[in-house]
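What follows is each chain in one-letter form.
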Amino acid sequence: MSRSLFSVLAAVVTVGGLAAVVWASRLAGAISPSRRRLLAVALLLAYGAALFLRPSPWPVIDLAVLAGAVGGVLLIEGGLQTPASVAVFLAVAAVVDLLSFSGGFTHILIQRHAAGSGNLLLYLCLVMPVHGHAIPIVGIGDLFVGGAAATALLRLGLRPAAVMGMIAVGLLSALAYGLWRGGAPALPFIAVAVFFLVWRTRAGRARPLRAARG
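What you are looking at is a predicted structure, and each value in this text was computed from that prediction instead of being measured. (Residues numbered from 1 in each chain as written. Predicted model: local features only at pLDDT ≥ 70, side-chain atom pairs only at ≥ 80, totals over all residues. Heavy atoms only, no water.)

K.L.:
Help me out: how do you make sense of the packing of helix H1 (residues 3–28) against helix H3 (residues 58–76) in this one?
P.N.:
Pairs of packed helices are described in terms of their axes, by the angle between the two and the distance that separates them. In contact at an axis separation of 9 Å, H1 and H3 are set at 45 degrees when each is read in the N-to-C sense. One way to sum up the angle between H1 and H3 is to call them oblique. The handedness of the crossing between H1 and H3 is right-handed. Contacts from Gly17, Ala20, Val21, Ala24, Ser25 and Ala28 in H1 reach Leu66, Ala69, Val70, Val73 and Leu74 in H3. Class assignment for the residues of the contact of H1 with H3 results in 9 nonpolar, 2 polar and no charged. (Axes fitted to C-alpha atoms, helices over the stretch in contact; angles between N-to-C directions. Helix = DSSP H or I, 4+ residues; strand = E, 2+ residues; numbered from the N terminus. Parallel < 35°, antiparallel > 145°, perpendicular 65-115°, else oblique. Left-handed = near helix turned anticlockwise from the far one by under 90°. Contact = heavy atoms within 4.5 Å. Nonpolar A, V, L, I, M, F, W, Y, C, P; charged D, E, K, R; others polar.)

See below:
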């Protein structure tokens, strides 16, 4: 597979995974809070079973990762009550992701996967088959955090095209940088994109108020 084709397919997997997580989370938002929590726990248990059993077919891995991401979103996004709280949530997650990638848990997993001494990384990512091997593309943490941010911002009334577009830009920027440099933490890119979106949204709402006062 050529590098350009791999890049296009990786982008499709990344954006498609985000869209699937947000779509499923929004659908689940229509049910009662108690049932939503039960669904979240069931999805996380299903993902936990996949981590324990480690099935080899890549579609099963991807479905398990999506289930885990949606379960996480359902548990946490309701606590994000303002765009500012979403921005703070992303800032904290971005710092943790950066530390983990630079020398922490994520770094260790990547090193072990590259050395062939462990395959846990595959079960923490959406994967794509290339020449008979599953290649990790985007992590469950990126889908969970990005999906929670997107679902919360949509619930708070921000425009769907702007929300999904900016978070997709963040993910794709991380993917492009990662393909160039051999990997990258995605959450700092998502955080910057969402900060810009929240700032533009607040600035846009402030202008009519200033005009009305004038």
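Still more to cover.
K.L.:
I tried to follow the environment of Leu175 on my own but got confused; where do I start?
P.N.:
Within the fold, Leu175 resides in helix H7 (residues 160–181). With relative accessibility at 13%, the residue Leu175 sits in the buried group. Residues Leu175 and Thr14, spaced 161 residues apart in sequence, show a C-alpha to C-alpha distance of 8.3 Å. The contacts of Leu175, once residues within four sequence positions are left out, are Ser7, Ala10, Ala11 and Thr14. (Buried < 20%, exposed > 50% of the residue type's maximum accessible area, 1.4 Å probe, protein only.)

K.L.:
Would you explain the layout of surface pockets in this entry?
P.N.:
It is the rolling of a water-molecule-sized probe over the atoms that shows where space remains empty. Approximately 1000 Å³ is the volume attributed to the largest pocket. Every residue lining the largest pocket is counted, 37 residues in all, and those nearest its centre are Phe101, Ile110, Cys125, Ile137 and Ala184. Secondary structure elements with two or more residues in the lining of the largest pocket: H1, helix H4 (83–103), helix H5 (105–115), strand S2 (133–139), helix H6 (140–155) and H7. Its residues placed into classes, the lining of the largest pocket shows 24 nonpolar, 10 polar and 3 charged. In terms of lining residues, the second largest pocket is bounded by 10 residues, among which Arg159, Ala162, Leu197, Arg200 and Thr201 are the most central. Counting residues per element, the ones that place at least two in the lining of the second largest pocket are H7 and helix H8 (187–213). Sort the elements by how many residues they give to the lining of the second largest pocket and H8 lands first, with 5 residues. Looking at the lining of the second largest pocket residue by residue, the class counts come to 5 nonpolar, 2 polar and 3 charged. (1 Å grid on protein atoms, 1.4 Å probe; cavity = no way out; pocket = protein on both sides within 12 Å on 5 of 7 lines; lining within 4 Å. Points joined across faces, edges and corners; volume = space filled by probe spheres on them.)

K.L.:
So what exactly am I meant to see when it comes to H1 here?
P.N.:
An α-helical segment advances 3.6 residues per turn. Residues three or four places apart therefore align on the same side. If you check H1, its first and last C-alpha atoms are 37 Å apart, about what 26 residues at 1.5 Å a residue would give, namely 38 Å. Where H1 is concerned, the buried positions are Phe6, Ala10, Ala11, Thr14, Gly17, Leu18, Val21, Val22, Ser25 and Ala28. Structurally, H1 contributes buried residues whose contacts are with helix H2 (33–53), H3, strand S1 (125–130), S2, H6 and H7. (Expected span 1.5 Å × (residues − 1).)

K.L.:
Help me understand the pairing of S2, please; the structure alone is not making it clear to me.
P.N.:
In the case of a regular strand, side chains alternate between the two sheet surfaces. As paired strands, S1 and S2 are joined by 6 bridges and run antiparallel to one another. In the sheet register, Cys125 faces S2, and the bridge partner there is Gly139. In this antiparallel pair of consecutive strands, S1 and S2, the connection spans 2 residues, and His131 shows a positive phi of 55 degrees. (Pairing = 2+ DSSP bridges.)

K.L.:
Would you take a moment to explain the pattern of salt bridges for this structure?
P.N.:
Oppositely charged side chains may form a pair once their charged atoms are brought near each other. One pass over the full model with this rule turns up 1 salt bridge. Notably, a salt bridge pairs Glu77 with Arg155, separated by 3.0 Å at the nearest N-O pair. Taken as a pair, Glu77 in the loop between H3 and H4 and Arg155 in helix H6 lie far apart in primary sequence, 78 residues in all. (Salt bridge = Lys/Arg side-chain N within 4 Å of Asp/Glu carboxyl O.)

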